[in-house]
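Observations on the three-dimensional arrangement
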Amino acid sequence: MPVDCEKPSVPLPSDAPSAPPAAHDPAQILVSEDAATGEALGEVTLSDEGAAHEAVRRARSAVAAWSALSVRDRAEQVRRAGERLLDDAPELTRLLQRECGMTRTEALALELLPAVHHARWAADEADEALGDREGHPNLHPHRDLLIRHRPHGVVAVCAPWNAPLALPLGALFDALLAGNGVVLKPSRSAPLTLRAARESLVRRGIPRDLVTIAYGGAPVGETLISSGVDRVVYAGSEASGRRLALQCAARLIPLTLDLASSAPGVVCRDAPLGRTV
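Because the structure is predicted, anything quoted here is derived from the model rather than measured.

Further remarks concern the overall build of the chain. On a plain count of helices and strands, the chain comes out with 9 helices and 9 strands. Out of the 277 residues in the chain, the part that is buried amounts to 44%. Accessible surface computed for the chain: about 14600 Å², of which carbon and sulfur atoms make up 54%.

Here Ser240 shows up in helix H8 (residues 238-251). Between the C-alpha atoms of Ser240 and Leu259, which are 19 residues apart in sequence, the distance is 8.8 Å. In this structure the side chain of Ser240 is engaged in a polar contact, spanning 3.0 Å, whose partner is the side chain of Arg243.

Glancing now at the packing of helix H5 (residues 166-177) against helix H6 (residues 191-203). It is at 11 Å that the axes of H5 and H6 come closest, and there the two elements cross at 35°. H5 and H6 meet at a crossing whose hand is right-handed. When H5 is examined against H6, the residues Pro168, Leu169, Leu172 and Phe173 are found in contact with a partner set consisting of Leu194, Ala197 and Leu201. Its residues assigned to classes, the contact of H5 with H6 shows 7 nonpolar, no polar and no charged.

Counting residues in each nonpolar core, the largest one holds 51 residues, and the members touching the most others are Leu85, Leu112, Leu169, Leu176, Leu201 and Ile206. In contact with Leu112, other than residues within four places in its own chain, are Leu85, Leu86, Ala89, Leu92, Thr93, Ala107 and Leu165. Ranked by size, the runner-up nonpolar core spans 19 residues in total, among them Ala52, Val183, Val229 and Val232.

Time to look at the state of the cysteines. Inspection of the entire model under this criterion finds 0 disulfides. For the unlinked cysteine Cys248, the closest cysteine sulfur is that of Cys158, found at 8.8 Å. According to the relative accessible area criterion, Cys248 is buried, its value standing at 1%.

Moving on: the environment of Thr103. Relative to the elements of secondary structure, Thr103 occurs in the loop between helix H3 (89-100) and helix H4 (104-130). A relative accessible area of 42% means that Thr103 is categorised as partly exposed. With 10 residues separating them in the primary sequence, Thr103 and Thr93 have C-alpha atoms 8.6 Å apart.

Assignment of secondary structure puts Ser47 in the loop between strand E2 (40-45) and helix H1 (49-67). Apart from the residues lying within four places of it in its own chain, the contact partners of Ser47 are Ala52, Ala214, Tyr215 and Val220.

Further remarks concern the pairing of strand E1 (residues 29-33). Across 5 bridges, E1 lies against E2 in antiparallel orientation. Residue pairing for E2: Val31 is matched across the bridge by Glu43. Here E1 folds back onto E2, and the loop between the two strands holds 6 residues, one of which, Gly38, carries a positive phi near 80°.

About the criteria used
- Residues numbered from 1 in each chain as written.
- Predicted model: local features only at pLDDT ≥ 70, side-chain atom pairs only at ≥ 80, totals over all residues.
- Heavy atoms only, no water.
- Helix = DSSP H or I, 4+ residues; strand = E, 2+ residues; numbered from the N terminus.
- Buried < 20%, exposed > 50% of the residue type's maximum accessible area, 1.4 Å probe, protein only.
- Areas by Shrake-Rupley, 256 points an atom, 1.4 Å probe, with all protein chains shown as cover.
- Polar contact = N/O pair within 3.5 Å; in protein donor to acceptor, adjacent residues only side chain to side chain.
- Axes fitted to C-alpha atoms, helices over the stretch in contact; angles between N-to-C directions.
- Left-handed = near helix turned anticlockwise from the far one by under 90°.
- Contact = heavy atoms within 4.5 Å.
- Nonpolar A, V, L, I, M, F, W, Y, C, P; charged D, E, K, R; others polar.
- Core = buried A, V, L, I, M, F, W, Y, C linked by side-chain atoms within 4.5 Å.
- Disulfide = S-S within 2.5 Å.
- Pairing = 2+ DSSP bridges.

Following this line, the structure appears as structure tokens:
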């Protein structure tokens, strides 16, 4: 499918206004900046404790209707919405370039297209992976066994700054296919990219309350855990992963970790800067 990145970008709507009322505490406003120039790209309101709780509540309120759909029906909706992300390729690649300092090729090849391909692949495999299965227990072959998958409930997905689209959207699609609701927590460095992707999915049929969003750093992630989410998916630093693991363990919340550390890049004095930077 061809991807047109040259069309004029169209502003995408959001639940939370990008220009909050003047009465808001400036400390609660997160300004997204161009990674190269420092230019302000937009604003989001950081989620306080009440907003984080509300994001979880809304997602949970939508789970019953969503999980009542068949796996095939959920897969069809996820596939369609995921593929239509390409309709918004101009805006999504623009945000990836400016918030994350990616080239257009990187934005497409490493973020947007992998997210679309994951939606297709996961939707194709969902019926076999999540459908009911019959069998016989090894120790009791005279008994019948029925394996039936049930959703966790609400999954919190915390995105990293250096892969703000492909990683969280992959986790999002998997969670939706299994019948869950999702609360997305974008990186503080790239809040606009994931917000735009979420709005794209909502416009293509994913229920708005099923996928909510909470903005902020580690305190917001901790609040989501204390709000009673049923699973956490986190990609980020080892130090933060350790803290999350302790918090989830105390509540017996399943946790998926994708941990990494920052690796420095060294540009030598004789490097050809035109090819290196």
